[in-house]
Amino acid sequence: MAGGNWTRVGEFILLSFSSLPTEIQLLLFLTFLIIYLVTLMGNSLIILVTLVDPMLHSPMYFFLRNLSFLEIGFNLVIVPKMLGTLLAWDTTISFLGCATQMYFSFFFGGAECFLLATMAYDRYVAICSPLHYAVIMNQRTRAKMAIASWFPGFPIATVQTTWLFSFPFCGTNKVNHFFCDSPPVLGLVCADTALFEIYAIVGTILVIMIPCLLILCSYTRIAATVLKIPSAKGKHKAFSTCSSHLLVVSLFSVSLSLTYFRPKSNNSPESKKLLSLSYTVVTPMLNPIIYSLRNNEMKNALGRTFRKALDLRNCIP
């Protein structure tokens, strides 16, 4: 004991979906395992195809490749541990392990928000300034934009994780979630967290709302430009290149906002888990599906890559 009722916590217990019957947990395990494998294979395939196919060496696919890297990282940080908790053989996580998981979830989540804004700007330049697109979005510029998208994740994750885990914990060490997310861990703190909660709300505004505003501005200009295109075919082509990105942004941003705008909300733990599933498990799986099935260039590139792989295999004696 230290400081009255304060205790030094050595590990946490992730309750995950333990309130559900064992049969349901087994079903969830199989479902999330399939989603996890699809996510890893789908995003890895996007990385591979955009690297090896010369037709996909444009800035759009460069940023898409970065998004796939982020999604793989996000999944590797959260899903394997969640699968272990569903089988009830790996429900504990060390103090350092919990802090590490939270750090990288903040890092990948924050970086993805800014990368989605960068991708929106790329679509803005491609549609509104097509003649200058190659000059504006040259290799050096897009590399700088990618670095600028990844970088905010570091200070966001460092400040929030270090600050939260510097608080004293008391009572139970049971985290009613499937990973070490900020709101459920914050509920175990035995100290005044008002200042931290204000910081969390301000951080959420900066990380989610500012990229969303940049995306909104980009697509407002894009819509104005597209509406001036005389042919219906041209309008459809322009909108189709943006619809996939808008869908991903909507899924990711809405679920993040509902989770982090109120770190100590009175919503039930189960509803919070469902919201978290949408941006930690579902969205990373949908990204390769959305960008592949709704993109003819990607579908054609996948076909070329598979044909090359088959030809190479046939050439080997």
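Quick notes on the rules
Each residue is numbered by its place in its chain's sequence as written, counting from 1. Totals for whole chains, interfaces and linings use every residue, but because this is a predicted model, local features are given only for residues with pLDDT of at least 70 and side-chain atom pairs only at 80 or more, for both listing and counting. Neither water nor hydrogens contribute to the side-chain values; these are computed over all heavy atoms in the structure. UniProt positions are given in the numbering used here, feature names are shortened, and annotations may be inferred rather than shown by experiment. The secondary structure listing takes helices from DSSP runs of H or I that are at least 4 residues long and strands from runs of E that are at least 2 residues long, numbered from the N terminus. Here, nonpolar core means buried Ala, Val, Leu, Ile, Met, Phe, Trp, Tyr and Cys residues that are tied together by side-chain atoms lying within 4.5 Å of each other. In this scheme, a residue with accessible area under 20% of its type's maximum is buried, one over 50% is exposed, and one in between is partly exposed, where area comes from a 1.4 Å probe on protein chains only. Here, two residues are considered to be in contact whenever any of their heavy atoms come within 4.5 Å of each other. pLDDT measures how confident the predictor is about each residue, on a scale from 0 to 100. In this description, strands pair whenever DSSP reports at least two bridges between them. Axis definition: a line fit to C-alpha positions, over the contact stretch in the case of helices; interaxial angles, taken between N-to-C directions, run 0 to 180 degrees. Each polar contact in these results corresponds to two N or O atoms within 3.5 Å; when the atoms are within protein, one needs to be able to donate a hydrogen and the other to accept it, and residues that are neighboring in sequence are counted only if both atoms are side-chain atoms. Centres within 6.5 Å are what make two rings of Phe, Tyr or Trp a pair, Trp counting through its six-membered ring; a difference in plane orientation under 30 degrees is then read as stacked, over 60 as edge-to-face, and the rest as tilted. Either the NZ atom of lysine or the CZ atom of arginine qualifies as a charge over a ring when it sits within 6 Å of the ring centre and within 35 degrees of the ring normal.

An unreviewed UniProt entry lists the protein chain under the name Olfactory receptor, from Zalophus californianus. Looking at the Function (unreviewed entry) heading of the UniProt record, one finds this comment for the protein chain: "Putative odorant or sperm cell receptor." Taken from UniProt, the Subcellular location (unreviewed entry) comment for the protein chain reads in full: "Cell membrane".

Chemist: Mind laying out the UniProt feature "transmembrane region" (unreviewed entry) in the protein chain, listing which residues take part and the relevant values?
Modeler: In this numbering, the UniProt entry assigns the feature "transmembrane region" (unreviewed entry) to residues 24-51, 63-83, 103-124, 145-165, 198-217, 238-262 and 274-293. In this annotation, residues 63-83 is assigned 100% helix and 0% strand; the end-to-end C-alpha distance for the span is 30 Å. Regarding residues 198-217, the helix share stands at 100% and the strand share at 0%, and the terminal C-alpha atoms are separated by 27 Å.

Chemist: Tell me about the nonpolar core, and please be specific about residues and values.
Modeler: Phe 12, Phe 32, Leu 164, Phe 165 and Val 185 are the most contacted members of the largest nonpolar core, which has 85 residues in total. In terms of residue count, helix α3 (residues 95-128) provides more of this core than any other element does, 17 residues in total. Discounting residues that sit within four places of it in the chain, Phe 12 has contacts with Thr 91, Thr 92, Ile 93, Ser 94, Phe 95, Cys 98, Phe 165, Phe 169, Asn 173, Val 175 and Leu 188.

Chemist: Describe unusual backbone geometry, naming the residues involved and giving the relevant values.
Modeler: Despite not being glycine, Ser 16 shows a phi value in the positive range, around 50°. Tracing the backbone through its elements, the reader meets Ser 16 in the loop between β2 (11-14) and α1 (22-52).

Chemist: How would you sum up the confidence of the model for the protein chain? Please name residues and give values.
Modeler: For the protein chain, per-residue confidence averages 85 on the pLDDT scale, and 90% of positions sit at 70 or higher. Averaged pLDDT values for the elements of the protein chain fall to 54 in strand β1 (residues 6-7) and rise to 94 in helix α5 (residues 139-150).

Chemist: How would you explain the sheet that holds β2 if you had to name every residue and give the values?
Modeler: Read across the open sheet, the three strands follow the order β3-β2-β5; overall the sheet is mixed. In this open sheet, the two strands that pair with only one neighbour each are β3 (92-94) and β5 (174-175). As paired elements, β2 and β3 share three bridges and run antiparallel to each other. Bridging from a neighbouring strand, Ile 13 pairs with Thr 92 of β3. Of the strands in this sheet, β2 and β3 are in contact with α3, which crosses β3 at around 85°.

Chemist: Can you break down the side chain of Thr 85 residue by residue, with the values?
Modeler: Following the sequence through the fold, Thr 85 ends up in helix α2 (residues 59-86). On the basis of relative accessibility, which here comes to 3%, the residue Thr 85 falls in the buried class. Of note is the side chain of Thr 85, whose polar atom sits 2.6 Å from the backbone oxygen of Met 82.

Chemist: Go over the packing of aromatic side chains with me, naming the residues and quoting the values.
Modeler: One pass over the structure, following the stated rule, counts 21 aromatic pairs. Summarising the aromatic geometry, the rings of Phe 107 and Trp 150 are spaced 6.0 Å apart at their centres and angled 50° between planes, so their arrangement reads as tilted. Of this pair, Phe 107 sits in helix α3 while Trp 150 sits in helix α5; the two residues are 43 residues apart in sequence, bridging distant segments of the chain. Exposure remark for Phe 107: the relative accessible area of 6% places this residue in the buried category. By relative accessible area, which is 22% here, Trp 150 ends up partly exposed. For the pair Trp 163 and Tyr 199, a centre-to-centre distance of 5.4 Å together with 45° between the ring planes defines the contact as tilted. Of the two residues, Trp 163 sits in helix α6 (residues 153-164) while Tyr 199 sits in helix α8 (residues 194-226), which places them 36 residues apart along the sequence. Judged by relative accessible area, Trp 163 falls into the partly exposed class, the value being 25%. Its relative accessible area of 23% is what places Tyr 199 among the partly exposed residues. Site record: aromatic cluster; members linked through ring pairs are Tyr 103, Phe 104, Phe 107, Phe 108, Trp 150 and Phe 154. Looking at Arg 142, its charged tip hangs above the ring of Phe 62, at a distance of 5.8 Å from the centre.

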